[in-house]
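Residue-level listing of the chains:
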Amino acid sequence: RALSEVDIVRMQRVGQSEKRLDFKSSGRFGVGMNVMYRYCDCPQLLANNRLHFFDLTRRFVAKPGKSRGRQFTKVRLQENFPDSYLPFQVKQIA
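This section reports on the structure supplied with the text. (Residues numbered from 1 in each chain as written. Predicted model: local features only at pLDDT ≥ 70, side-chain atom pairs only at ≥ 80, totals over all residues. Heavy atoms only, no water.)

**Here we look at the environment of Arg-50**
Next up, step 1: Along the chain, Arg-50 falls in strand β2 (residues 50-54).
Next up, step 2: In this structure, the C-alpha to C-alpha distance between Arg-50 and Arg-70, residues 20 residues apart in sequence, is 9.9 Å.
Next up, step 3: Apart from the residues within four sequence positions on either side, Arg-50 is in contact with Glu-5, Leu-45, Gln-71, Phe-72, Thr-73 and Lys-74.
Next up, step 4: Within the structure, Arg-50 has its side chain in polar contact with the side chain of Gln-71 (distance 3.3 Å). (Helix = DSSP H or I, 4+ residues; strand = E, 2+ residues; numbered from the N terminus. Contact = heavy atoms within 4.5 Å. Polar contact = N/O pair within 3.5 Å; in protein donor to acceptor, adjacent residues only side chain to side chain.)

**Observations concerning the packing of aromatic side chains**
Next up, step 1: Counted under the stated rule, the structure contains two aromatic pairs.
Next up, step 2: Ring geometry for Phe-53 versus Phe-72: centroids 5.7 Å apart, planes at 85°, classification edge-to-face. Here Phe-72 lies in strand β3 (residues 69-73) and Phe-53 lies in strand β2, a separation of 19 residues in the sequence. One exposure class covers both Phe-53 and Phe-72, and it is buried.
Next up, step 3: Where Phe-72 meets Phe-81, the ring centres are 5.6 Å apart and the plane angle is 65°; that geometry is what we call edge-to-face.
Next up, step 4: Aromatic rings pair up to connect Phe-53, Phe-72 and Phe-81 into one cluster. (Phe/Tyr/Trp six-rings, centres within 6.5 Å; stacked < 30°, edge-to-face > 60°. Buried < 20%, exposed > 50% of the residue type's maximum accessible area, 1.4 Å probe, protein only.)

**Side note on the sheet that holds strand β1 (residues 44-47)**
Next up, step 1: Overall, antiparallel pairing links the three strands, which are arranged β1-β2-β3 in an open sheet. Both outer strands of the open sheet, β1 and β3, are each paired with one neighbouring strand and no more. The mean angle between the axes of side-by-side strands here comes to 20°, regardless of whether they run parallel or antiparallel. (Pairing = 2+ DSSP bridges. Axes fitted to C-alpha atoms, helices over the stretch in contact; angles between N-to-C directions.)

The values reported here are purely geometric and, on their own, carry no functional implication.
Printed below as a string of structure tokens:
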């Protein structure tokens, strides 16, 4: 299934999984996100026409006193930060 806005918010909550007792759910142990945070300072995810930045340490894109991340629409990212959007562009195979 597609990611919902709630899914994105939950990804920012390290160690606070709400799915621990949901045995049908994938990701209930939070291992995938914890690995991302272990190997990346500020992981990024392109989903729902937005680029989501997960800033666990609040040093890169998070605003002071706000959540541990930020999101930018694809349009805003392409217009204002084309270099950041470039790795996410998919080229058509002829």
